[in-house]
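Residue-level listing of the chains:
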Amino acid sequence: QIQDLTFLIKNYCLTELYLNNNELTDISGALKHLRALQILLLHNNQLKKLDKTVKELKGMISLQTLNLFHNPLAQDSDYRLYVIYFLPSVQLLDRKSVTQRERESALHLYNRERSCVVQSIAFGKRVNTPLGTAVGSSRCTQPARRLMMPSDNAHLLCSFCRIPFENPEDAILLRAMTRSLMEFSSVDWNKVATCRERRLENKVEEPHEKLTVRFR
């Protein structure tokens, strides 16, 4: 059974590594150079330090499959959520797929501030309800209210410094009302005269019809 990993020092291009069923107690400094690793099996060992083990694997941005079960570290409370949060590339952990609900739970547990921002602004998600209407959820049951803008020059403050609104919901409403627009225009080029045709006809060209569609 393997107890030492010094033989892996010069194996930089490994994509799969099977170290299960051994007597490994610590992997610090032995695997972090394996940045191309996609599959790593470490189950049935004697790894005790969850934080040290995960820290060693953080640089493996391609790691998708990881087994750590049947190690003492797997007995830690919230062990699975800890691994999911700090190793976001992992998709299959201990032979079980990582779900979106688990990722959200891990974010809420280890980065509560960011979790609150994601939940309140819903950045990157599409909302089909028009602005100014009530939303059928437990958090948004009140009709839209008037936006209270900050006084003086508070609106010039950097958004990363602090929220210049008395009510944080006003900042969220302002963001929703000022979302950037996407504009698409279409012209029938068959009706547009070429440079040669314009010179021969020698007349003022009439404006052409242009169809413009905007998405908020």
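Please refer to the structure higher up on the page.
Cut-offs applied
- Residues numbered from 1 in each chain as written.
- Predicted model: local features only at pLDDT ≥ 70, side-chain atom pairs only at ≥ 80, totals over all residues.
- Heavy atoms only, no water.
- Helix = DSSP H or I, 4+ residues; strand = E, 2+ residues; numbered from the N terminus.
- Buried < 20%, exposed > 50% of the residue type's maximum accessible area, 1.4 Å probe, protein only.
- Contact = heavy atoms within 4.5 Å.
- Areas by Shrake-Rupley, 256 points an atom, 1.4 Å probe, with all protein chains shown as cover.
- Pairing = 2+ DSSP bridges.
- Axes fitted to C-alpha atoms, helices over the stretch in contact; angles between N-to-C directions.
- Parallel < 35°, antiparallel > 145°, perpendicular 65-115°, else oblique.
- Salt bridge = Lys/Arg side-chain N within 4 Å of Asp/Glu carboxyl O.
- Core = buried A, V, L, I, M, F, W, Y, C linked by side-chain atoms within 4.5 Å.
- Phe/Tyr/Trp six-rings, centres within 6.5 Å; stacked < 30°, edge-to-face > 60°.

Details of the overall build of the chain
Alright, step 1. Along its length, the chain carries six helices and seven strands.
Alright, step 2. Along the chain, helices (α) and strands (β) appear in the sequence β-β-α-β-α-β-β-α-α-α-β-α-β when read from the amino end.
Alright, step 3. Residue burial in the chain is summarised as follows: out of 216 residues, 25% are buried.
Alright, step 4. Taking all contacts inside the chain whose residues are at least 6 apart in sequence as the whole, residues at least 24 apart take part in 51%.
Alright, step 5. Roughly 16200 Å² of accessible area belongs to the chain as shown, and the carbon and sulfur atoms make up 52% of that amount.

Thoughts on the sheet that holds strand β5 (residues 96-97)
Alright, step 1. Pairing within the open sheet is mixed, and its five strands lie in the order β1-β2-β3-β4-β5. Each edge of the sheet is formed by a strand with only one pairing partner; in this case those strands are β1 (16-18) and β5.
Alright, step 2. Bridge count for β1 against strand β2 (residues 39-41) is three bridges, and the pairing is parallel. Note on β2: the bridge partner recorded for Y18 is L41.

Comments concerning the packing of helix α2 (residues 79-86) against helix α3 (residues 100-110)
Two numbers describe a pair of packed helices, the interaxial angle and the distance between the axes.
Alright, step 1. Relative to each other, α2 and α3 sit at 90 degrees, their axes nearing to 9 Å. If you check the angle between α2 and α3, you find them roughly perpendicular. Contact residues: R80, L81, Y82, I84, Y85 and F86 in α2; E102, R103, S105, A106, L107, L109 and Y110 in α3.

Overview of the pattern of salt bridges
Alright, step 1. For the coordinates displayed, the defined rule picks out two salt bridges.
Alright, step 2. A salt bridge links K52 to D26, with the shortest nitrogen-to-oxygen separation between them at 3.6 Å. Linking K52 in helix α1 (residues 50-57) with D26 in the loop between β1 and β2, this pair joins segments that are 26 residues apart in sequence.
Alright, step 3. The class of D26 is partly exposed, set by a relative accessible area of 40%.
Alright, step 4. The salt bridge involving E102 is made with R80; its shortest N-O contact spans 2.7 Å. Highlighted residues: E102 in helix α3 and R80 in helix α2, separated in sequence by 22 residues.
Alright, step 5. Judged by its relative accessible area of 14%, E102 is buried.

Let's talk about the nonpolar core
Alright, step 1. Ranked by internal contacts, the top residues of the largest apolar core, which has 32 residues, are L31, L40, L66 and V83.
Alright, step 2. Secondary-structure elements contributing two or more residues to this core are α1 and α2.
Alright, step 3. Ranked by residue count, the leading element in this core is α2, at five residues.
Alright, step 4. Excluding residues that lie within four positions of it along the chain, L31 makes contacts with L5, L8, L17, L19, L40, E56, L57 and M60.

Some thoughts on the environment of L68
Alright, step 1. Tracing the sequence through the fold places L68 in the loop between β3 (65-67) and α2.
Alright, step 2. Considering only alpha carbons, one finds L68 and L50, 18 residues apart in sequence, at a separation of 9.7 Å.
Alright, step 3. For L68, the residues in contact, after removing those within four places along its chain, are L42, H43, L47, T53, L73, A74, Y79, V83 and D94.

As for the packing of aromatic side chains
Alright, step 1. In the structure shown here, the tally under the stated rule is five aromatic pairs.
Alright, step 2. Plain terms: the ring middles of Y82 and Y110 are 5.5 Å apart, the flat faces sit at 80 degrees to each other, and that makes the pair edge-to-face. Placement of the pair is Y82 in helix α2 and Y110 in helix α3, with a sequence separation of 28 residues.
Alright, step 3. The class of Y110 is partly exposed, set by a relative accessible area of 29%.
Alright, step 4. When the centroid spacing of 4.8 Å and the interplanar angle of 90 degrees are considered together, the rings of Y85 and F86 count as edge-to-face.
Alright, step 5. Under the relative-accessibility criterion, Y85 is labelled partly exposed at 24%.
Alright, step 6. Here a set of aromatic residues connected by ring pairs shows up, and it is made of Y82, Y85, F86 and Y110.

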